[in-house]
Amino acid sequence: MNALQALEPASHSPDTILYLDGVTVSFDGFKALDNLSFYVLAGELRAIIGPNGAGKTTMMDVVTGKTRPERGQVLFNGGTDLTRLDEARIANLGIGRKFQKPTVFEHHTVFDNLELALAGGRDVFASLLFKLAGAQKDRIDEVLEIIALAEARNMAAGALSHGQKQWLEIGMLLMQEPDLLLVDEPAAGMTDAETEQTAALLKRIAGDHSVVVVEHDMEFVRALESRVTVLHEGRVLAEGSLDKVQNDETVIEVYLGR
Ligand SMILES: Nc1ncnc2c1ncn2[C@@H]1O[C@H](COP(=O)(O)OP(=O)(O)O)[C@@H](O)[C@H]1O
Ligand SMILES: [Mg+2]
């Protein structure tokens, strides 16, 4: 293997969890994604940045099956083409998505929210009557600790701060043990302290899970210490460490310099 190959592992290697290959999405002739290709390694934490309208949310919509591309493939975990599957099937394959607005059950406790997530949150009352196995209780305790809400376990979710609700929702996704977690702008509306803690939380869950996070807050992206992909006009403009992409002339021109 030559040096260049070592830097660019094969996109179909067993270590690749997600491989977008030539994905194009058009809305009324406008290309929101334009032959977009990139890949994410298993256990990797990846930040996606780029100006408004760059296609970041559309990219997540394609991965989760919400939007079907007109061209291209989205290969998951060594070969399943997600563009052929519906949203429910994709979620069941182990892909969790966190939207900007938290959707926790406000009137239930933090603990119960995590318990409900085990059952997929489909039938609130049936799942609360369901008796937890010891291993499931242990998993809830573990997740409570990861999301820094162990002490708030018996609080109503509605009483949590905005940031804590976001963590609870990430915790609810973790209960499903996803292989890949997609997180869209988690730091929006958070205090500086919450933003910092969110970065630490995502760093902690990467490794066990692959995490793709879209974010505008550069302090937050720096704190992730991850590889960064810059999207622009539906394509990858640059990729590498935050320092590398921040010093990239084209990136400065179209995004950071404005
Ligand atoms: N459902 C839709 N219908 C029409 N245009 C859309 C739709 N969704 C997104 N777009 C357009 O596609 C482009 C990319 O949007 P989006 O993926 O939301 O960008 P980002 O998340 O990077 O800000 C934008 O120009 C947006 O207006
Ligand atoms: Mg967006």
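So, a few notes on the structure that sits alongside this text. Counting from 1, residues in each chain are numbered in the order their sequence is written. The lettering of chains begins at A and the numbering of ligands begins at 1, in the order of writing. Local features in this predicted model are restricted to residues whose pLDDT is 70 or higher, and side-chain atom pairs enter the listing and the counts only when it is 80 or higher, whereas totals over whole chains, interfaces and linings include all residues. Heavy atoms throughout the structure, all of them, feed into the side-chain values; hydrogens and water do not.

**Looking at the side chain of His-209**
In this description a helix means any DSSP run of H or I spanning at least four residues, a strand means any run of E spanning at least two, and both kinds are numbered starting from the N terminus. Considering the arrangement of structural elements, one finds His-209 in the loop between helix H8 (192-205) and strand E8 (210-214). For this analysis, a polar contact is any N or O atom pair within 3.5 Å, provided that within protein one partner can donate a hydrogen and the other can accept it, and provided that sequence-adjacent residues contribute only side-chain to side-chain pairs. Engagement of the side chain of His-209 in a polar contact is seen with the backbone oxygen of Pro-178, the distance being 2.6 Å. Here His-209 is in contact with Gly-43, Glu-44, Arg-139, Leu-174, Glu-177, Pro-178 and Asp-179, once residues within four sequence places are set aside. Contacts are assigned to residue pairs that have any heavy atoms within 4.5 Å of one another.

**Focus on unusual backbone geometry**
Even without a glycine there, the phi angle at Asn-35 is positive, about 60°. Its identity is not glycine, yet Glu-177 carries a phi of approximately 50°, on the positive side. By the secondary structure assignment, Glu-177 is in the loop between helix H7 (162-174) and strand E7 (180-184). Partly exposed residues are those whose accessible area sits between 20% and 50% of the maximum for their type, while under 20% is buried and over 50% is exposed, using a 1.4 Å probe and protein chains only. A relative accessible area of 45% means that Glu-177 is categorised as partly exposed.

**With respect to the pattern of salt bridges**
Here, a salt bridge means any Lys or Arg side-chain nitrogen found within 4 Å of an Asp or Glu carboxyl oxygen. Following the criterion strictly, the structure yields 15 salt bridges and no others. Note that Glu-44 is salt-bridged to Arg-46, the shortest N-O span being 2.8 Å. Here Glu-44 and Arg-46 have matching classes, each one buried. With a shortest N-O distance of 3.3 Å, Lys-165 and Glu-106 are connected by a salt bridge. Linking Lys-165 in helix H7 with Glu-106 in the loop between strand E6 (95-98) and helix H4 (110-118), this pair joins segments that are 59 residues apart in sequence. Given the relative accessible area of 16%, Lys-165 is considered buried.

**Quick notes on the pairing of E6**
Burial along E6 is two-sided: Ile-95 and Arg-97 and Gly-96 and Lys-98, pointing in opposite directions, are all buried. Pairs of strands are assigned from DSSP output, requiring at least two bridges between the strands. The pairing of E6 with E7 spans four bridges and is parallel. The partner of Ile-95 across the bridge, within E7, is Leu-180.

**Brief notes about the sheet that holds strand E5 (residues 80-81)**
Strand order in this open sheet of four strands is E2-E1-E4-E5, and the pairing throughout is antiparallel. Since the sheet does not close on itself, it has two edges, and those belong to strand E2 (30-41) and E5, each with one partner. Here strand E1 (residues 16-27) pairs with strand E4 (residues 71-76) via five bridges, running antiparallel. If you follow Tyr-19 over to E4, its bridge partner there is Leu-75. Here an axis means a line fitted to C-alpha atoms, over the contact stretch when the element is a helix, while the angle between two N-to-C directions is reported on a 0 to 180 degree scale. Of the strands in this sheet, E1, E2 and E4 are in contact with helix H2 (residues 56-63), which crosses E1 at around 115°.

In short, the description is geometric, and any link to function would need to be established separately.
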